[in-house]
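Topology and contacts: notes
Okay, here's what each chain looks like letter by letter:
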Amino acid sequence: MALATSDRGSWSSRTGFILAAAGSAVGLGNIWRFPYTAGENGGGAWVLIYLVFVLLIGIPVLLAELSIGRKTKLNPVGSFEALTKSKFWPWVGGLGVLTGFGILAFYAVVAGWTLAYVYEAVTGAFAGSISAEQSSAIFSNIISNPGLAILLTGLFLLLTILVVRGGVSKGIEKTTKVLMPLLVIILVILAFRSVTLPGGMAGLSYLFAPDFSKLTGTGIMTALGQALFSLSLGMGAMITYGSYFPDDANLPASGVQVAFFDTAIAVLAGIIIFPALFSAGVAPDGGAGLVFVVLPTIFGSLPAGNLFAIAFYALLAIAALTSTISLLEVCVSYFVDNRGWSREKAAWILGAVCFGLAIPSALANGASPFFSDFLGSGFDFLTIQNNLWGNFSLTIGAILICVFVGWIWGVDKALGSIESSGHSMAGKALFRILIRFVCPAAILAVLIFIVITGNFF
Ligand code: TRP
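Before going into details, it helps to say that this report is about the structure given with it. (Residues numbered from 1 in each chain as written. Predicted model: local features only at pLDDT ≥ 70, side-chain atom pairs only at ≥ 80, totals over all residues. Heavy atoms only, no water.)

If you check the shell around the ligand, you find 17 residues, and the closest are A25, G29, Y107, F229 and S326. In this structure, A25 approaches the ligand through a main-chain N or O atom, which is 2.8 Å from an oxygen atom. The side chain of S232 places a nitrogen or oxygen atom 3.0 Å from a nitrogen atom of the ligand. Summarising the interface, the protein chains cover 100% of the accessible area of the ligand, which totals 360 Å² for the free molecule. (Near = heavy atom within 4 Å. Polar contact = N/O pair within 3.5 Å; in protein donor to acceptor, adjacent residues only side chain to side chain. Areas by Shrake-Rupley, 256 points an atom, 1.4 Å probe, with all protein chains shown as cover.)

Structure (structure tokens):
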């Protein structure tokens, strides 16, 4: 196997890594997927479980992935090849590359919708006050138009390819540095507006007051899936990003900061969506369209609301872009490291294949009856992909990564890599217990529960 190192690259600094990793983590997962999944699963209790999963499973798995990548300086497949002689583990890396593809092929569709919303905002669609019905009509016009949905998906993938072909540090760091803080500012302003809307407080209690009678087995599964999805875990993205981590930088601190930042953005998105939703009288379990329908109802009530709308959707599109970059990057880094392809060739070919795979999801929201109710399952194709790759596959990947680090490669070696810059990590004994016992057992319990109850979606 040819190991082409010249086309790899590394972050220019620790800040560069934090920006890039936060860029990967923060995206539609926080602002689109977290609120609608919380809404479908009854709010507070689900949010609490999600937060517990971030702390107990997310952070250890994040550190485990980064430690592997930093050690090997390779993509997920190459990493497992370098650390074991076994033929099995590289397949786990392969599953990660495949999962990256699977996620990108539905994520790019939703990311495409954000482009349409930038256009709508620029042309003044959200200038005045808008009812939930009007907003919902705008949304369904966009997503049910087959040509438009495919075009938007293709456009988004094209943007992703153009950044990835330029290489990690040049493309990603610069984009994130300026825009991430701007996104936070806009989110904070929107949160203030939303909680002060009439009836908004009911939304906050929906989000934060746990009602455990609303929690289902499927809900627990999706909370785990969401914790992994939001932190970009379970498929080797953080192995890949760890492989570009500077040798002298503090890995544990950076990892934990990224996890907290990502979770804070998701909660902030919840604080925006739920009060606005209760105020506008929209049902919380509206599914994948929730955020797209609810948000436009707030802009009209803000001074210069249309400018806000433009800035918000542009930043959301960019946050989605820094995430799609990391998804494509995992696949590209595999073909560059292990297959000897040039970065340019890998980016174009893989991006094009992904576009083909994304078309059914682009048609799944009304454009094609076949994909909108796939095989009569009652689920649209995008939702199926979202669950399959974005929950199940990541969960399987995460448990395998825990077993690998905890039992095969060894916690001591992982800690050696985590602390290789001389920055020591607090809570090493806890990390050891979590990664060897608690995480695999908890993930396995969730999986068994799902199989027994048969409630896959
Ligand atoms: N975490 C991103 C989000 O929340 C999505 C994402 C990017 C991702 N790379 C990933 C999810 C790798 C899982 C694995 O929007």
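The structure having been displayed, the exposition proceeds.
The full count for this structure, using the stated rule, is 34 aromatic pairs. Taking 6.0 Å as the distance between ring centres and 50 degrees as the angle between the ring planes, the aromatic pair formed by F299 and F312 counts as tilted. In this pair, F299 sits in helix α14 (residues 296-299) while F312 sits in helix α15 (residues 305-337), placing the two residues 13 residues apart along the sequence. With respect to class, F299 is no different from F312; both count as buried. Here the aromatic residues W113, Y117, F126, F139, F292, F299, F312 and Y313 are joined through ring pairs into a cluster of three or more. Above the ring of F229, the side-chain terminus of R33 is found at 4.0 Å from the ring centroid. (Phe/Tyr/Trp six-rings, centres within 6.5 Å; stacked < 30°, edge-to-face > 60°. Helix = DSSP H or I, 4+ residues; strand = E, 2+ residues; numbered from the N terminus. Buried < 20%, exposed > 50% of the residue type's maximum accessible area, 1.4 Å probe, protein only. Lys NZ or Arg CZ within 6 Å of the ring centre and 35° of its normal.)

With phi around 55 degrees, K73 is a residue other than glycine that occupies positive phi space. Among the structural elements, K73 can be located in the loop between α3 (44-72) and α4 (76-83). Among the residues examined, K73 registers a relative accessible area of 32% and is labelled partly exposed. In this model, L375 sits at a positive phi of 50 degrees, which is unusual for a non-glycine residue. Among the secondary structure elements, L375 is positioned in the loop between α17 (369-372) and α18 (381-418).

The next thing to look at is helix α12 (residues 251-280). Here α12 spans 44 Å end to end across 30 residues, near enough to the 44 Å set by a 1.5 Å rise per residue. The buried fraction of α12 amounts to 21 of the 30 residues, a majority that puts the element mostly inside the structure. (Expected span 1.5 Å × (residues − 1).)

Looking now at the pattern of salt bridges. Here the structure, examined in full by the defined rule, presents six salt bridges. Where K428 meets E419, a salt bridge forms, and the shortest distance between an N and an O atom there is 2.8 Å. (Salt bridge = Lys/Arg side-chain N within 4 Å of Asp/Glu carboxyl O.)

Turning next to the packing of α3 against helix α19 (residues 428-453). Put simply, α3 and α19 touch, their axes get as near as 10 Å, and they point 120 degrees apart. Overall, the two elements α3 and α19 adopt an arrangement that is oblique. Between α3 and α19 lies a crossing of left-handed hand. Along the contact surface, α3 presents F53, L56, I57, P60, V61, L63 and A64, while α19 presents F431, L434, I435, C439, A442, I443 and V446. Among the residues making up the contact of α3 with α19, the classes are represented as 14 nonpolar, no polar and no charged. (Axes fitted to C-alpha atoms, helices over the stretch in contact; angles between N-to-C directions. Parallel < 35°, antiparallel > 145°, perpendicular 65-115°, else oblique. Left-handed = near helix turned anticlockwise from the far one by under 90°. Contact = heavy atoms within 4.5 Å. Nonpolar A, V, L, I, M, F, W, Y, C, P; charged D, E, K, R; others polar.)

I31, Y241, L295, F299, F312 and Y313 are the most contacted members of the largest nonpolar core, which totals 172 residues. Beyond its immediate sequence surroundings of up to four residues, Y241 is in contact with W11, F17, A20, A21, S24, I172, T322, I325, S326 and E329. (Core = buried A, V, L, I, M, F, W, Y, C linked by side-chain atoms within 4.5 Å.)

Let us now look at a nonpolar patch on the surface. A cluster of nonpolar residues, L48, V52, L55, L56, F212, F260, W407, I408, I433, F437 and V438, forms a patch on the protein surface that exposes about 1,000 Å² of accessible area. Within the secondary structure layout, V438 lies in helix α19. (Patch = residues over 30% accessible without salt bridge, like charges linked within 9 Å, V, L, I, M, F, W, Y side chains within 5 Å.)

The geometry of a pair of packed helices is captured by two quantities: the angle between their axes and the separation between those axes. One way to put it is that helix α7 (residues 146-164) packs onto α15 with a least axis distance of 9 Å and a crossing angle of 60 degrees. Between α7 and α15 the crossing geometry is right-handed. Residue-level inspection shows F156, L159, T160, I161, V163 and V164 of α7 in contact with α15, the latter providing A317, A320, L321, T324, I325, L328, E329 and V332. For the contact of α7 with α15, the class distribution of residues is 11 nonpolar, two polar and one charged.

Relative to the 42 Å expected for 29 residues at 1.5 Å per residue, α3 spans 40 Å between its end C-alpha atoms, a close match to the ideal helical length. Extensive coverage of α3 is indicated by the burial of 23 of its 29 residues. Positive phi shows up at K73, right after α3, with a value of about 55 degrees.

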